[in-house]
Amino acid sequence: GAGVSQSPSNKVTEKGKDVELRCDPISGHTALYWYRQRLGQGLEFLIYFQGNSAPDKSGLPSDRFSAERTGESVSTLTIQRTQQEDSAVYLCASSFGTSGPTGELFFGEGSRLTVL
Amino acid sequence: LAKTTQPISMDSYEGQEVNITCSHNNIATNDYITWYQQFPSQGPRFIIQGYKTKVTNEVASLFIPADRKSSTLSLPRVSLSDTAVYYCLVGGNSNYQLIWGAGTKLIIKP
């Protein structure tokens, strides 16, 4: 597709269950980012991929959070044993470069996660 | 990492020019200034980026004074559809180091 695609768009789960969120970046974009956005707040950086490698995982809130990227394309963010505080919109973005004029971030529409 | 300060909210009316100013006193030599727009239930969208002086594109202008410690996003002749949150970001090394504040919630009234 022409843009960044995320699925599911909405996910309601019960506390303690695992969830997987998927991101399809723009073809050819080597950099991929995951963010979390709580209601009324700015974006919170989670993890960044350059190709299939994640040079910076420092934003992952706990060891319940993990992410992988394969084929320099699709990425999956996994949250294990979900907690109510995990409820948020999870945004994925991709970019051709990583900074400056070539670093424009292209965002998907997000996956809204609600943990009951 | 350069943090930014921008108003929490602003109101204006259709047809007016809106200027949103962002302070970034600790901007580094290699930092760019970038603005994104976010509508409800959507991801942010790039508006404009600049390094110094003035940059203009089809939707906005960005004014950056010589000391680069602030910048102003100018939206000409706004419409109701410009109601959104606007984020000012400063960074140069890598996108993942950008700090996203709460942004400025702009409300355009008829």
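Residues numbered from 1 in each chain as written. Chains lettered and ligands numbered in written order. Predicted model: local features only at pLDDT ≥ 70, side-chain atom pairs only at ≥ 80, totals over all residues. Heavy atoms only, no water.

Peer 1: Please clarify how the nonpolar core should be interpreted in this entry.
Peer 2: For soluble globular proteins, nonpolar side chains are generally found buried alongside one another. In terms of nonpolar packing, the biggest core is built from 20 residues, with Val18, Ile33, Trp35, Ile47, Leu73, Leu75 and Tyr86 of chain B touching the most fellow members. Elements represented by at least two residues in this core include exactly β2 (18–23), β3 (32–38), β4 (45–50), β6 (61–64), β7 (70–75), β8 (84–91) and β9 (104–109) of chain B. Considering every element that reaches this core, the biggest residue donor is β8 of chain B, with 4 residues. Counting residues in hydrophobic clusters, the runner-up holds 19 residues, among them Cys23, Ile47, Ile79 and Leu113 of chain A. (Core = buried A, V, L, I, M, F, W, Y, C linked by side-chain atoms within 4.5 Å. Buried < 20%, exposed > 50% of the residue type's maximum accessible area, 1.4 Å probe, protein only. Helix = DSSP H or I, 4+ residues; strand = E, 2+ residues; numbered from the N terminus.)

Peer 1: Whenever I open this one, the interface of chain A and chain B confuses me. Can you help?
Peer 2: A common way to express how large an interface is: the accessible area buried when the components associate. The interface of chain A with chain B comprises 23 residues on the first partner and 18 residues on the second. Summed over the three residues of chain A that lose the most area to chain B, namely Leu43, Leu105 and Phe107 of chain A, the buried surface amounts to 25% of that side. Linking chain A to chain B there are 0 salt bridges. Where chain A meets chain B, there are 4 residue pairs in polar contact (both at pLDDT 80 or more). Of all the secondary-structure elements, those providing two or more residues to the side of chain A that touches chain B are β4 (31–37), β5 (43–50) and β9 (88–95) of chain A. In the side of chain A that touches chain B, the residues fall into 9 nonpolar, 10 polar and 4 charged. (Contact = heavy atoms within 4.5 Å. Buried area = accessible area lost by both parts, 1.4 Å probe. Salt bridge = Lys/Arg side-chain N within 4 Å of Asp/Glu carboxyl O. Polar contact = N/O pair within 3.5 Å; in protein donor to acceptor, adjacent residues only side chain to side chain. Nonpolar A, V, L, I, M, F, W, Y, C, P; charged D, E, K, R; others polar.)

Peer 1: Help me understand the pairing of β6 of chain B, please; the structure alone is not making it clear to me.
Peer 2: One face of the sheet, then the other: side chains in a regular strand alternate in exactly this way. Residue and element names in this part refer to chain B. As paired strands, strand β5 (residues 53–56) and β6 are joined by 4 bridges and run antiparallel to one another. Note on β6: the bridge partner recorded for threonine 56 is serine 61. Here β5 hands over to β6 after 4 residues, the two strands then running antiparallel side by side. Of the pairings in the sheet, the one linking β6 to β7 comprises 3 bridges and is antiparallel in character. Bridged to leucine 62 within β7 is leucine 73. Hairpin connection of β6 to β7: 5 residues between the antiparallel strands, including arginine 68 at a positive phi of 60°. (Pairing = 2+ DSSP bridges.)

Peer 1: In this structure, what is going on with the pattern of salt bridges? I would like to understand it.
Peer 2: Side chains that differ in sign of charge can pair as their charged atoms come close. Residues and elements named next belong to chain A. Under the counting rule described, the total for this entry stands at 6 salt bridges over all chains. Of the charged contacts in the structure, one is a salt bridge between arginine 22 and aspartate 24, with a shortest N-O distance of 2.8 Å. Exposure remark for arginine 22: the relative accessible area of 38% places this residue in the partly exposed category. The class for aspartate 24 is partly exposed, based on a relative accessible area of 22%.

Peer 1: I would appreciate a short explanation of the side chain of arginine 69 of chain A in the present structure.
Peer 2: All names here are of chain A. Its place among the elements puts arginine 69 in strand β7 (residues 65–69). At 6.3 Å, glutamate 72 is the nearest oppositely charged side chain to arginine 69, a buried residue that forms no salt bridge. A polar atom in the side chain of arginine 69 sits 2.9 Å from the backbone oxygen of histidine 29. What arginine 69 contacts, discounting residues up to four positions off in sequence, is Pro25, His29, Thr30, Ala31, Leu32, Phe49, Gly51, Asn52, Val74 and Ser75. (Lys, Arg positive; Asp, Glu negative; His and termini not counted.)

Peer 1: Whenever I open this one, the side chain of glutamine 6 of chain A confuses me. Can you help?
Peer 2: Residues and elements named next belong to chain A. With respect to the secondary-structure elements, glutamine 6 resides in strand β1 (residues 5–7). Separated by 2.9 Å, the side chain of glutamine 6 and the backbone nitrogen of cysteine 92 make a polar contact. Among the polar contacts listed, one links the side chain of glutamine 6 to the backbone nitrogen of glycine 110, at a separation of 3.0 Å. Leaving out residues up to four positions away in the same chain, glutamine 6 has contacts with Arg22, Trp34, Tyr90, Leu91, Cys92, Gly108, Glu109, Gly110 and Ser111.

Peer 1: Mind showing me how you'd approach the environment of glutamine 97 of chain B here?
Peer 2: Residue and element names in this part refer to chain B. Relative to the assigned elements, glutamine 97 resides in the loop between β8 and β9. Accessibility expressed as a relative area gives 28% for glutamine 97, which makes it partly exposed. Sequence spacing of glutamine 97 and alanine 84 is 13 residues, and the spatial spacing of their C-alpha atoms is 24 Å.

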